[in-house]
Amino acid sequence: MSHYTKQDIIRLVEENNVEFIRLQFTDVFGTLKNVAITAKQLEKALDNKCMFDGSSVDGFVRIDESDMYLYPDLDTFSIFTWRSSSGRVARLICDVYRPDGVPFQGDPRGVLKRVLRKAVSMGYNFCVGPELEFFLFHTDEEGRPTTVTHEKAGYFDVAPLDLGENARRDIVLTLEEMGFDIEASHHEVAPAQHEIDLLYANALKTADNIMTFKLVVKSIAKRHGLYASFMPKPISDVDGSGMHLNMSLWRNGKNIFADSKGHLGISQEGYHFLAGLLRYAPEMTLIMNPLINSYKRLVPGYEAPIDITWSTCNRSPLIRIPAARGVGTRVELRSPDAAANPYLALAVCLAAGLAGIEEKIEPTLHFEGNTYQLTREEKEAKGIQSLPRDMRESIRAFRDSEFMKEVLGEHIFEKYISAKGREWHSYQSQVTDWEINEYLYKI
């Protein structure tokens, strides 16, 4: 990550003919927002004097306390390379502050920064490498998104079967021009489904990168006449899209999850971190899987986890320890999807892992078989619990969690419960096409 001063930013804007700067921030529910300014207003923005109406942003504040200020993180300065070279557009990711100069308690980026400070106080640097999946669909005559694709490609297929290869290549090249480190990209299991993996980095940079990644993917897809969707399960009877999180803790440049003398080459701290994730998994699910649709992905038979177990080989459990050891030793959490707010998702993962280390929790539920093939009785006999089956169960687990309230803060905790409760109620009150087709002619 570059370390810029105010004068560096002003110079880069002038040298690169940047005319507009987007001051970006993320709301509680993971939606990217921005206030756009011209280059003439840059110094004002760099002095933390740009204000916006917080009452107009989901999960922020009431109308009688609406003034919020954007404090740009100078090291996030980046130019949107896909925009015209004449009158270029750049961005700065911002933290949200109150008028009195106090960080706003409803800023998701601030939540992650707070948990990261705790990790630093314990001597750790938290690194994350996300694997992001998405679909590339056609649009209709008016440019609106559909779930239509003419593609029939599958896992690791190439052109001409992979009709989205050109778009995916342009996405990767654009990301690299913006300074991203791309570890791999390929076609996924379902037709029109793709995956791009980002190289691991500090968690704050990773969360910033995920927000930028989604913007770039959607922008480049549009240039190819396609619509990029990160919806977890846009099509029935095919695999949904996830956002697997590969996590590790580092101290003095060394991966502390690695221990050549430890069982399976993993350190005790690594096992405690893993155990913390397992313990708090049900309570964290509403953050990791925040949509009604998220739970259509978490069903048996589609490579998404449903049971709270861990393994080193198969991909049906919630957590997998990939084969790489040494610097590559990591814990892969397989339940999250890209609808999750990355700042909140990484914050609760880190908090759970640190709790596991502090409390020296020992991991149980190691299972190398295919959990999809176990009966309910077999799972009960082995003590295997399942993730929440739908948003209602997730809300209950989240609402009863003092751990989640402590990590997120009361403001976000209450806003999140309220919003997701309304979402579930709205969903429950709808009569779907499936119900009409299934019942109308029978009753």
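Residues numbered from 1 in each chain as written. Predicted model: local features only at pLDDT ≥ 70, side-chain atom pairs only at ≥ 80, totals over all residues. Heavy atoms only, no water.

1. Focus: the nonpolar core
Phase 1 of the analysis: Core analysis: the largest hydrophobic core is formed by 96 residues, its most contacted members being Phe126, Phe213 and Leu249.
Phase 2 of the analysis: The element best represented in this core is helix H8 (residues 342-358), accounting for 13 residues.
Phase 3 of the analysis: Excluding its chain neighbours within four sequence positions, the residues that come into contact with phenylalanine 126 are Leu116, Ala201, Asn202, Ala203, Met247, Ser248, Leu249, Phe273, Leu346 and Leu350.
Phase 4 of the analysis: Grouped together as the second largest cluster of nonpolar side chains are 25 residues, Val18, Phe25, Cys50 and Met68 included. (Core = buried A, V, L, I, M, F, W, Y, C linked by side-chain atoms within 4.5 Å. Buried < 20%, exposed > 50% of the residue type's maximum accessible area, 1.4 Å probe, protein only. Helix = DSSP H or I, 4+ residues; strand = E, 2+ residues; numbered from the N terminus. Contact = heavy atoms within 4.5 Å.)

2. Concerning the packing of aromatic side chains
Phase 1 of the analysis: Summed over all chains, the structure comprises 18 aromatic pairs.
Phase 2 of the analysis: Residues tyrosine 71 and tyrosine 97 carry aromatic rings whose centres are separated by 3.8 Å and whose planes lie at 5 degrees to one another, so their mutual orientation is stacked. You can see tyrosine 71 sitting in strand S4 (residues 67-72) and its partner tyrosine 97 sitting in strand S6 (residues 88-97), a full 26 residues away along the chain.
Phase 3 of the analysis: Judged by its relative accessible area of 21%, tyrosine 71 is partly exposed.
Phase 4 of the analysis: Residue classification places tyrosine 97 among the buried positions, given a relative accessible area of 18%.
Phase 5 of the analysis: With centroids separated by 6.1 Å and ring planes inclined at 40 degrees, the aromatic side chains of phenylalanine 126 and phenylalanine 273 adopt a geometry described as tilted. Note that phenylalanine 126 is positioned in strand S7 (residues 125-138) and phenylalanine 273 in helix H6 (residues 268-288), a separation of 147 residues in sequence. For the pair shown, phenylalanine 126 and phenylalanine 273 are each scored as buried.
Phase 6 of the analysis: An aromatic cluster is present here, built from Phe29, Phe398, Phe413 and Tyr416 joined pairwise through their rings.
Phase 7 of the analysis: In this arrangement the basic side chain of lysine 420 is found over the ring face of tyrosine 416, its NZ or CZ atom lying 5.8 Å from the centre. (Phe/Tyr/Trp six-rings, centres within 6.5 Å; stacked < 30°, edge-to-face > 60°. Lys NZ or Arg CZ within 6 Å of the ring centre and 35° of its normal.)

3. Things to note about the pattern of salt bridges
Phase 1 of the analysis: Tallying each qualifying case throughout the model produces 19 salt bridges.
Phase 2 of the analysis: The partner of arginine 144 in a salt bridge is glutamate 142, and the shortest N-O contact between them spans 3.1 Å.
Phase 3 of the analysis: With a relative accessible area of 47%, arginine 144 lands in the partly exposed category.
Phase 4 of the analysis: The class for glutamate 142 is exposed, based on a relative accessible area of 61%.
Phase 5 of the analysis: The salt bridge involving arginine 279 is made with glutamate 359; its shortest N-O contact spans 3.0 Å. Residue arginine 279 is found in helix H6, and its partner glutamate 359 is found in the loop between H8 and helix H9 (376-382); the two are separated by 80 residues along the sequence.
Phase 6 of the analysis: Ionic contacts of the salt-bridge type, sharing partners, join the residues Asp73, Asp95, Arg109, Lys113 and Asp208 into one network. (Salt bridge = Lys/Arg side-chain N within 4 Å of Asp/Glu carboxyl O.)

4. Side note on the pairing of strand S3 (residues 50-53)
Phase 1 of the analysis: The alternating pattern of S3 places Cys50 and Phe52 on a buried face, while none of Met51 and Asp53, on the opposite face, is buried.
Phase 2 of the analysis: Pairing of S3 with S4 involves four bridges; the strand directions are antiparallel. Looking across to S4, one finds that cysteine 50 is bridged to leucine 70. (Pairing = 2+ DSSP bridges.)

5. A word on a nonpolar patch on the surface
Phase 1 of the analysis: Together, Val431, Ile436 and Leu440 make up a nonpolar patch on the protein surface, roughly 300 Å² of accessible area in all.
Phase 2 of the analysis: By the secondary structure assignment, valine 431 is in the loop between helix H12 (410-428) and helix H13 (433-439). (Patch = residues over 30% accessible without salt bridge, like charges linked within 9 Å, V, L, I, M, F, W, Y side chains within 5 Å. Areas by Shrake-Rupley, 256 points an atom, 1.4 Å probe, with all protein chains shown as cover.)

6. As for H6
Since the α-helix packs 3.6 residues into each turn, any two residues three or four apart lie on the same face.
Phase 1 of the analysis: With 21 residues, H6 should reach 30 Å at 1.5 Å per residue; the first-to-last C-alpha distance of 26 Å falls well below that figure.
Phase 2 of the analysis: The largest bend along H6 reaches roughly 75 degrees and is located at alanine 281, with the proline proline 282 sitting one to four residues downstream.
Phase 3 of the analysis: Taking burial as the measure, the 21 residues of H6 include 17 buried ones, the bulk of the element. (Expected span 1.5 Å × (residues − 1). Bend = angle between axes of the 7 residues up to and from the residue.)

7. Overview of the packing of H6 against H8
Phase 1 of the analysis: At a closest axis distance of 6 Å, the pairing of H6 and H8 adopts a crossing angle of 140 degrees. By the angle between their directions, the pair H6 and H8 is classed as oblique. Once H6 is placed against H8, the crossing between them reads as right-handed. Together, Glu269, His272, Phe273, Gly276, Leu277, Tyr280, Met284, Ile287 and Met288 of H6 and Leu344, Ala345, Val348, Cys349, Leu350, Ala352, Gly353, Leu354, Ala355, Gly356 and Ile357 of H8 make up the contact between the two elements.
Phase 2 of the analysis: Of the residues contributing to the contact of H6 with H8, the split by class is 15 nonpolar, four polar and one charged. (Axes fitted to C-alpha atoms, helices over the stretch in contact; angles between N-to-C directions. Parallel < 35°, antiparallel > 145°, perpendicular 65-115°, else oblique. Left-handed = near helix turned anticlockwise from the far one by under 90°. Nonpolar A, V, L, I, M, F, W, Y, C, P; charged D, E, K, R; others polar.)

8. Examining the environment of alanine 355
Phase 1 of the analysis: You can see alanine 355 is positioned in helix H8.
Phase 2 of the analysis: C-alpha separation for the pair alanine 355 and glutamate 393, spaced 38 residues apart in sequence, amounts to 23 Å.
Phase 3 of the analysis: Discounting residues that sit within four places of it in the chain, alanine 355 has contacts with Tyr280 and Ile361.

9. Section: helix H10 (residues 391-399)
Phase 1 of the analysis: The complete set of buried residues in H10 reads Met391, Ser394, Ile395 and Phe398. One side of H10 carries all its buried residues, which in axial view fall inside an arc of 100 degrees.
Phase 2 of the analysis: Summarising the contacts, the buried residues of H10 are in contact with H6, helix H7 (294-297), helix H11 (402-408) and H12.
Phase 3 of the analysis: Taking the backbone nitrogen of arginine 392 as reference, a side-chain oxygen 3.1 Å away marks aspartate 390 as the first, capping residue of H10. (Arc of directions from axis to C-beta. Polar contact = N/O pair within 3.5 Å; in protein donor to acceptor, adjacent residues only side chain to side chain.)

10. Description of unusual backbone geometry
It is generally the case that most residues other than glycine have a negative phi and that most peptide bonds are trans.
Phase 1 of the analysis: Its identity is not glycine, yet asparagine 48 carries a phi of approximately 60 degrees, on the positive side.
Phase 2 of the analysis: In this structure, asparagine 48 sits in the loop between helix H2 (42-46) and S3.
Phase 3 of the analysis: A relative accessible area of 26% means that asparagine 48 is categorised as partly exposed.
Phase 4 of the analysis: If you check the backbone angles, alanine 192 has positive phi at about 70 degrees while not being a glycine.
Phase 5 of the analysis: Mapped onto the elements of the fold, alanine 192 is located in the loop between strand S8 (182-187) and strand S9 (193-198).
Phase 6 of the analysis: Residue class for alanine 192 comes out buried when judged on its relative accessible area of 1%.

11. Concerning the environment of tyrosine 302
Phase 1 of the analysis: As for its position among the elements, tyrosine 302 is in the loop between H7 and strand S14 (310-311).
Phase 2 of the analysis: For the pair tyrosine 302 and tyrosine 372, spaced 70 residues apart in sequence, the C-alpha to C-alpha distance is 9.6 Å.
Phase 3 of the analysis: If sequence neighbours within four positions are ignored, tyrosine 302 has contacts with Lys233, Asp237, Val238, Asp239 and Tyr372.

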